[in-house]
Amino acid sequence: MSGAPKKFDEGRLAQVLVGPIVSEKATSVGEKHNQVLFKVLRNATKPEIKAAVELMFKVEVDAVRVANQKGKTKRFGRSVGRRDHVKKAYVSLKAGQELNFSGEAA
């Protein structure tokens, strides 16, 4: 891979991160591996996710891993529906970096 940073459209980067995933698993992963979980757009790429997190939260990202989760099939009485498919991003932060969702400036 080349060392030169790629240029992305800032409007697109603002949409890439749908939201943080807050759950028991996300919390334990965050504490153990210094990672943060995000729900991202299904067509987002790893370099886009990295650039978006660095732009939005002003932190240094070490690595990005993604997981595609199929939507569950659910029944509503007689009709059968399906939840949307979700793409999750496990974002590893560099040592000493921390992400704060509360909105307070550090």
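Please refer to the structure placed before this passage.
Being a predicted model, the structure only gives us computed values, none of them experimental.

> Give me the pattern of salt bridges: which residues, what numbers.
Pairs can form between side chains of opposite charge whenever their charged atoms are close. Scanning the model with the defined rule gives two salt bridges in all. Note that R12 is salt-bridged to E48, the shortest N-O span being 3.1 Å. One end of the pair, R12, is in helix α1 (residues 10-16); the other, E48, is in helix α3 (residues 46-57), with 36 residues separating them in the sequence. Owing to a relative accessible area of 22%, R12 belongs among the partly exposed residues under this scheme. Exposure remark for E48: the relative accessible area of 11% places this residue in the buried category. Here K94 and E60 are joined by a salt bridge, their closest N and O atoms 3.6 Å apart. In this pair, K94 is assigned in the segment after β6 (86-93) and E60 in the loop between α3 and β3 (61-69), connecting sequence segments 34 residues apart. Here K94 falls in the partly exposed class, since its relative accessible area comes to 34%.

Parameters and conventions
- Residues numbered from 1 in each chain as written.
- Predicted model: local features only at pLDDT ≥ 70, side-chain atom pairs only at ≥ 80, totals over all residues.
- Heavy atoms only, no water.
- Salt bridge = Lys/Arg side-chain N within 4 Å of Asp/Glu carboxyl O.
- Helix = DSSP H or I, 4+ residues; strand = E, 2+ residues; numbered from the N terminus.
- Buried < 20%, exposed > 50% of the residue type's maximum accessible area, 1.4 Å probe, protein only.

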